[in-house]
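# Geometric and topological summary
Each chain, letter by letter, is given below.
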Amino acid sequence: MTESQAAATPAEALALLSLPQEQLFARATALREAAFGRGIVLCAIINARSGNCSMDCRFCSQSRHNHTPIEVFPLLPDDELRERILHLAALPVARIGVVTSGSALSGSELQRLRTVISGLPDAVRPRVCASLGKLKAEDFALLSGAGLTRFHHNMETSQSYYSSVCTTQTWEQRRDTVLRASEAGLSVCSGGLFGLGESWQDRVDFAFSLKKMGVSHVPMNFLHPHPETPLAGQKPLTADEALTLIAVFRHILPKATLRICGGRPLVLGSRQNEIFAAGANALMTGDYLTTHGQSIAHDLEMIAAQGLEVRCDANC
């Protein structure tokens, strides 16, 4: 495998872990630049329905099985949701994610969201993404007809490790939701959460699963342990491990958008600017669902300091 080549097999990907970090990052940077040049993509999200989720994900502050003290509220009123979307649309973010807790939206909630999306200005509508849980084919058709172009649904971790973190839904059910979204003509954003106790083999297997599924937008989140969850005592990843993880994913998914999301400030701290050298070409800016992130001003300054530039078209 030359410096410009991707990892074609799990064994090749695992072998990357023996490289000095400087060499690993140089290869990852070359792959990123070959696919995306100097362009970096920003996204931001709206917590549109919070808490009271029936799923038992061991890491999640929004699960009703856990007792993290968070704000719980139903789907935002239509006018407020529209206002929040338009506020983010005025910023240099390519994508605006509407995220709801729970296994899925109800039929009436989907109709409300359809009305909000279809009523957005033509320049804004293509920038909206949705993360709404386990939907049916007809639900995707409804949203696609309203103008939605991308759906987000994380697989979270490898197929073999998934049952260690969630028992109320199978990995295969998550995969089927992703495939239904693709079959409906939507682009798919699907990644995972790292630092759950999974092995490097799990991480590599997971990346190859995403590759097999044809996922081209991959959010990478790092566990931010929440109080009153089963993983509250889990030690966060070190910055070195998180950056190495990004670089390995870049070698497995050389043309995918790797978007660094939740847990970035906690895990990477003062080394957040190294994500681009490690191969990332996108990040989530602003706050996350129930934790604080970095301001867009901070992220824009960080990107410029690395000699990179923000891309802001909806195809990103």
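To start, this report covers the structure provided alongside it.

Quick look at empty space enclosed by the protein now. Considering all chains together, one arrives at one cavity of 30 Å³ or more under this definition. Its boundaries defined by the atoms lining it, the largest cavity holds a volume of some 1000 Å³. What lines the largest cavity is a set of 49 residues, and nearest its centre among them are Val99, His152, Asn154, Glu156 and Leu289. Broken down by element, the residue count for the lining of the largest cavity peaks at five residues, all from strand S2 (residues 95-100).

Here we come to the pattern of salt bridges. With the rule as written, the count across this model stands at 11 salt bridges. Ionic pairing is found between arginine 271 and aspartate 240, a salt bridge with its closest N-O pair at 2.7 Å. Here arginine 271, found in the loop between helix H9 (264-268) and strand S9 (282-284), pairs with aspartate 240, found in helix H8 (residues 239-252); they are 31 residues apart in sequence, far enough to count as distant. Among the residues examined, aspartate 240 registers a relative accessible area of 38% and is labelled partly exposed. One salt bridge connects aspartate 299 with arginine 264, and the closest N-O pair in it is separated by 2.9 Å. One end of the pair, aspartate 299, is in helix H10 (residues 296-305); the other, arginine 264, is in helix H9, and 35 residues separate them in sequence. Judged on exposure class, the residue aspartate 299 and its partner arginine 264 are both buried.

Helix length check: helix H2 (residues 21-36) (16 residues) gives 22 Å between terminal C-alpha atoms against 22 Å at 1.5 Å per residue, within 8%. Of the positions making up H2, those classed as buried are Leu24, Phe25, Arg27, Ala28, Thr29, Leu31, Arg32 and Phe36. The elements touched by buried residues of H2 are strand S1 (39-49), H8 and strand S8 (257-260).

Moving on, we get to the environment of glycine 197. Checked against the element boundaries, glycine 197 lands in the loop between strand S6 (192-194) and helix H7 (200-213). For glycine 197, a relative accessible area of 46% corresponds to the partly exposed category. Sequence separation between glycine 197 and serine 216 is 19 residues, and the spatial gap between their C-alpha atoms is 25 Å.

Before going further, it helps to spend a moment on the environment of phenylalanine 59. Of note, phenylalanine 59 is situated in the loop between S1 and helix H3 (78-89). Along the sequence, phenylalanine 59 and methionine 302 sit 243 residues apart, while their C-alpha atoms lie 29 Å from each other. Discounting residues that sit within four places of it in the chain, phenylalanine 59 has contacts with Glu156, Val165, Leu193, Leu196, Leu223, His226, Thr229 and Leu231.

So, about the layout of surface pockets. Roughly 230 Å³ of volume is contained in the largest pocket. As for the largest pocket, its lining consists of 16 residues, and the residues nearest its centre are Ile45, Thr285, Gly286, Asp287 and Tyr288. Ranked by the residues each element gives to the lining of the largest pocket, the list is headed by S1, at four residues. For the lining of the largest pocket, a count of residues per class yields nine nonpolar, six polar and one charged.

Thresholds applied
Residues numbered from 1 in each chain as written. Predicted model: local features only at pLDDT ≥ 70, side-chain atom pairs only at ≥ 80, totals over all residues. Heavy atoms only, no water. 1 Å grid on protein atoms, 1.4 Å probe; cavity = no way out; pocket = protein on both sides within 12 Å on 5 of 7 lines; lining within 4 Å. Points joined across faces, edges and corners; volume = space filled by probe spheres on them. Helix = DSSP H or I, 4+ residues; strand = E, 2+ residues; numbered from the N terminus. Salt bridge = Lys/Arg side-chain N within 4 Å of Asp/Glu carboxyl O. Buried < 20%, exposed > 50% of the residue type's maximum accessible area, 1.4 Å probe, protein only. Expected span 1.5 Å × (residues − 1). Contact = heavy atoms within 4.5 Å. Nonpolar A, V, L, I, M, F, W, Y, C, P; charged D, E, K, R; others polar.

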